[in-house]
Amino acid sequence: MSTDRLSPLDASFLHIEDDVSHMHIASVAIFEGPQPPFQDIVAMVDAKLGLVPRYRQVVKFVPLDLGRPVWVDDPHFNIEYHLRHTALPTPGGESELRKLVGRVMSQQLDRSKSLWEIWVVEGLEDGRWAMLSKTHHAMVDGVAGTDLLAVIMDLSPDASRPEVAPWHPQPTPSGAKLAADALTNVIRSPYEQLRAARASTRVVRQGAAYAKDVASGVVAMAGLVRATPVSSLNGPIGPHRRYGWASTSVDDIKKIRKGLGGTFNDVVLASITNGFRELLLSRGEDVDRVLRTLVPVSVRPRDVTGKAVGDGTFENKVSAMFAELPVNIDDPAERLHAITVQMDGLKDSKQALAGEALTSMSGFAPPMLLAMGMRLATRSAQRNVNTVTTNVPGPQFPLYAAGRRMIRAFPYVPLGGQIRIGIAIFSYDGEVNFGITGDYDTTEDLDVLSGAIEDGMTQMLKLCK
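Everything numeric here is computed off the predicted structure, so don't read it as measured data.

J.: Whenever I open this one, the environment of Arg241 confuses me. Can you help?
T.: In this fold, Arg241 is placed in strand 8 (residues 241–249). Taking the relative accessible area as the measure of exposure, Arg241 reaches 4% and is therefore buried. Along the chain, Arg241 and Asp441 lie 200 residues apart, while their C-alpha atoms are 8.1 Å from each other. Those residues within four positions of Arg241 in sequence are excluded, and the remaining contacts are Val20, Ser21, Gly102, Met105, Ser106, Tyr412, Leu415, Thr437, Gly438, Asp439 and Tyr440.

Set out below in structure tokens:
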């Protein structure tokens, strides 16, 4: 029987999901025309499923919550359930596409099925078409999600399609089997940790340095107990979503870095800061305040160039830092400098390392306590966090689907707790795109934010001429 237990972090994305907080991530890919036949898209995905076995598996929960859920083969897997075909109303512009994205993302994924969907959208203006790819966060984090996108799609318009290999699902384990395995795992885990601790005595210096870094990060994260001022950015959310986007180019960000300093991520955060500043001002709110954002970061191993290295799995390997966006600063150069100084300090504080270590420790918690703890931690932390901004580097070369080139790609990030707006950034083939998720009931003015993000980038570019 083929089973694979979810990691503590992956399981947490299932535990914190509820009727209004849907934990799926997504991408919106726009392709050149003409649109290929729908069955060609089905055949393309079907041919690649053998490379991503998780796409034909479902989550099975352990009786009495004796252990974390496991992945098992779906005995009733049907690819045509997961691939959907739809069309935009005339005129098929960006506005119509964004509305469709909001509607699709407002629907929770069915946990009795494999946790993904792909929507093929026809009827875009200029003969183009789109694919909406929707995947539960329990399956894959943003960095690994980029790898999955590359696996499913092609690197050239005339790429040969692998033959569809026959697939036979492994028998589904019984509840008694899952419970027995979970109990065995509980008994075995302390032994495995003790063995790891004994092995670590051979690398005492490394262990001491790691512990020091984690402790520093915990001290830095303790500052988050300070509540941020009350704002319309936070409060109860509903189940429906709005979606917007903004765009710039890799070359423009490089020009700003050269002219004003900072990192790629600093420039992105500076433009987002301008977006929130203008949004708050348009709502008549005070900008002489703290605006705190959670910044997810990858803790996957990296090579000498800084590129994330795959480890053969697609499970989540993310942690987080918490930054304060200086919405009180009007000058674009000063705003960027303030962010650069702050981000350098956050890296030195080891916040991300502390978050990763604390998440790993949750593996000791009984699943029922983990579920309640994650809900409590999410709610309390989000009283002190105004938004989420996540930056995922994508491929800087063209990708193709059924022979058609992907022109643009926009990311989607879920909302949870009291956070009403989240922003994801995805770079692809020379373009940098911001996907903006808003709570439907409280963000009718989402276009103000998206426009001001682009304007923030323009302001910095003008200073570089």
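J.: Would you explain the environment of Pro173 in this entry?
T.: One can find Pro173 in the loop between helix 5 (142–152) and helix 6 (175–200). The sequence separation of Pro173 and Val72 amounts to 101 residues, and the corresponding C-alpha distance is 8.0 Å.

J.: Could you clarify how one ought to interpret the pairing of strand 7 (residues 129–136) in this entry?
T.: Looking along a regular strand, one sees side chains alternate from face to face of the sheet. In terms of residue burial, strand 7 counts as a mostly covered element, since 8 of its 8 residues are buried. The side-chain alternation of strand 7 yields two buried faces, one formed by Trp129, Met131, Ser133 and Thr135 and the other by Ala130, Leu132, Lys134 and His136. Across 8 bridges, the pairing between strand 2 (residues 24–31) and strand 7 is antiparallel. Note that in strand 7 the partner of Ile30 across the bridge is Ala130. The pairing of strand 6 (residues 116–122) with strand 7 spans 6 bridges and is antiparallel. Each bridged residue has a counterpart across the sheet, and for Trp116 the counterpart in strand 7 is Thr135. A loop of 6 residues connects strand 6 with strand 7, the two strands running antiparallel in sequence, and Gly123 in this loop sits at a positive phi of about 90 degrees.

J.: Please clarify how the packing of aromatic side chains should be interpreted in this entry.
T.: The relative placement of two aromatic rings is captured by the distance of their centres and the angle of their planes. All told, the structure shown has 6 aromatic pairs when counted by the stated rule. Ring plane angle 15 degrees and centroid distance 4.4 Å describe the contact between Phe31 and Trp129, whose orientation is recorded as stacked. Residue Phe31 is found in strand 2, and its partner Trp129 is found in strand 7; the two are separated by 98 residues along the sequence. The same class applies to Phe31 as to Trp129, namely buried. Residues Trp245 and Phe410 carry aromatic rings whose centres are separated by 4.1 Å and whose planes lie at 15 degrees to one another, so their mutual orientation is stacked. Remark: Phe410 occurs in strand 13 (residues 404–412) and Trp245 occurs in strand 8; sequence separation between them is 165 residues. Phe410 gets classed as buried once you look at its relative accessible area, which sits at 1%. In textbook terms, an aromatic cluster arises when at least three aromatic residues are bridged by ring pairs, as seen for Tyr243, Trp245, Phe410 and Tyr412. Above the ring of Tyr81, the side-chain terminus of Lys113 is found at 5.0 Å from the ring centroid.

J.: Even after reading the chapter, I still don't get helix 8 (residues 250–260), so can you show me in this structure?
T.: Since the α-helix packs 3.6 residues into each turn, any two residues three or four apart lie on the same face. Listed as buried for helix 8 are Val250, Ile253 and Ile256. Burial along helix 8 is one-sided: seen end-on, the buried residues are contained in an arc of 125 degrees. Counted as exposed and oriented over 90 degrees from the buried face of helix 8: Asp251, Lys254 and Lys258. Just downstream of helix 8 lies Gly261, where phi reads positive at about 90 degrees.

J.: Explain the side chain of Lys134 to me, please; I cannot follow it from the model alone.
T.: Note on placement: Lys134 falls in strand 7. A polar atom in the side chain of Lys134 sits 2.7 Å from the backbone oxygen of Gln107. Setting aside chain neighbours within four positions, we find Lys134 in contact with His24, Ile25, Ala26, Val104, Met105, Gln107, Leu109, Leu115, Trp116 and Glu117.

Cut-offs used in this document
- Residues numbered from 1 in each chain as written.
- Predicted model: local features only at pLDDT ≥ 70, side-chain atom pairs only at ≥ 80, totals over all residues.
- Heavy atoms only, no water.
- Helix = DSSP H or I, 4+ residues; strand = E, 2+ residues; numbered from the N terminus.
- Buried < 20%, exposed > 50% of the residue type's maximum accessible area, 1.4 Å probe, protein only.
- Contact = heavy atoms within 4.5 Å.
- Pairing = 2+ DSSP bridges.
- Phe/Tyr/Trp six-rings, centres within 6.5 Å; stacked < 30°, edge-to-face > 60°.
- Lys NZ or Arg CZ within 6 Å of the ring centre and 35° of its normal.
- Arc of directions from axis to C-beta.
- Polar contact = N/O pair within 3.5 Å; in protein donor to acceptor, adjacent residues only side chain to side chain.

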